[in-house]
Amino acid sequence: METVGSTRALLKYQCLLFDMDDTLYPMSAGLNYACRKNIEEFMSTYLNIEESQVPDMCLDLYREHGTTMAGLKALGYKFDDDAYHAFVHGTLPYIALKPDLVLRNLLLSMPQQKIIFTNADKAHAARVLNRLGLEDCFEGIICFETLNTHPVKEVETRNDGGMNNSSDEFATRIICKPALESFQAATVIANLDPNKTIFFDDSVRNIATAKTAGFHTVIVGRSSLVPGADHALSSIHNIREALPELWEDEGEHLEQIFFKQSAVETVVNA
């Protein structure tokens, strides 16, 4: 009997790795802007950072460290991770997200394994997927907690290239996209073969790092290629038109199964 694992082993692409925010839904939904404003409020209210400095600092830390949260931790600010996530995501306009039956049907029709890879926390990821009606379309979620509590982080901290960092610094260092180690961690966590995995993201810098890590890449939300991208999708809904091979793979596999079964039957009958 063919199992899911043995079926996927014959596919050219075995896994589809998806960013979530502004990839599975458009930026126009407004969650990105609302989240940034909440982060700025957290910085001024709870970290006592001068309000006039917050917007530029927020953006600079995001650019340098991957997320503003990672940057704040790197600077030595101390705060509870769960409290931070609850604050910046707690009042987001999730109501703007509606069930996406088109995307749901596309995802369910693909034979490949599908996994979410997001910098956000698991509570936010679950709420977004639920609002989009996609909560059962993915076999796993790699998120903030996954990246920063998995044994792979302990391995990374022990192999620090000989730097004499303190254990406290390692404890506060956050692993997140677009850092190369986040993609290396995702590969270990989900047991992925980058050469057989396609990564979808709206971020140009995440795409560039994914390509460096050996993944096939698709930039979402753009009609033209960016450095490191193999394909470009103006919308995630265009995935079938841009990547028909994802479905052709399934047809080729079914043919292989048919011929394999025919060969077995011939031997038995003989």
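About the thresholds
Residues numbered from 1 in each chain as written. Predicted model: local features only at pLDDT ≥ 70, side-chain atom pairs only at ≥ 80, totals over all residues. Heavy atoms only, no water. Core = buried A, V, L, I, M, F, W, Y, C linked by side-chain atoms within 4.5 Å. Buried < 20%, exposed > 50% of the residue type's maximum accessible area, 1.4 Å probe, protein only. Contact = heavy atoms within 4.5 Å. Helix = DSSP H or I, 4+ residues; strand = E, 2+ residues; numbered from the N terminus. Arc of directions from axis to C-beta. Polar contact = N/O pair within 3.5 Å; in protein donor to acceptor, adjacent residues only side chain to side chain. Phe/Tyr/Trp six-rings, centres within 6.5 Å; stacked < 30°, edge-to-face > 60°. Lys NZ or Arg CZ within 6 Å of the ring centre and 35° of its normal.

(A) Broad picture of the nonpolar core. The biggest cluster of nonpolar side chains holds 53 residues, and the ones touching the most others in it are Phe-18, Leu-24, Leu-134, Phe-138, Phe-200 and Ile-239. Ignoring sequence-local partners within four residues, the contact set of Leu-134 consists of Leu-24, Asp-100, Leu-103, Arg-104, Leu-107 and Leu-129. Ranked by size, the runner-up nonpolar core spans 19 residues in total, among them Ile-115, Ala-185, Ala-210 and Ile-219.

(B) Expanded view of helix α6 (residues 101-109). Residues of α6 that are buried include every one of Leu-103, Leu-106 and Leu-107, and no others. Each buried residue of α6 lies within a common arc of 95° when the element is viewed along its axis, so the set occupies one face. Along α6, the residues that are exposed and aim more than 90 degrees away from the buried face are Leu-101 and Asn-105. For α6, the N-terminal capping position is held by Asp-100, with its side-chain oxygen 3.3 Å away from the main-chain nitrogen of Val-102.

(C) Structural detail: the packing of aromatic side chains. Considering all chains together, one arrives at twelve aromatic pairs under this definition. On the basis of an interplanar angle of 75° and a centroid distance of 5.8 Å, the ring pair of Phe-18 and Phe-138 is categorised as edge-to-face. Taken as a pair, Phe-18 in strand β1 (residues 15-18) and Phe-138 in the loop between α7 (122-132) and β3 (140-142) lie far apart in primary sequence, 120 residues in all. Given the relative accessible area of 0%, Phe-18 is considered buried. You can call Phe-138 buried: its relative accessible area is 11%. Taken together, Phe-42, Tyr-46, Phe-79, Tyr-84 and Phe-87 form an aromatic cluster joined through their ring pairs. Positioned above the aromatic ring of Phe-79 is the side chain of Lys-73, whose terminal nitrogen or guanidinium carbon lies 4.4 Å from the ring centre. Over the ring of Tyr-62 we find Arg-205; its NZ or CZ atom is 4.2 Å from the centre of that ring.

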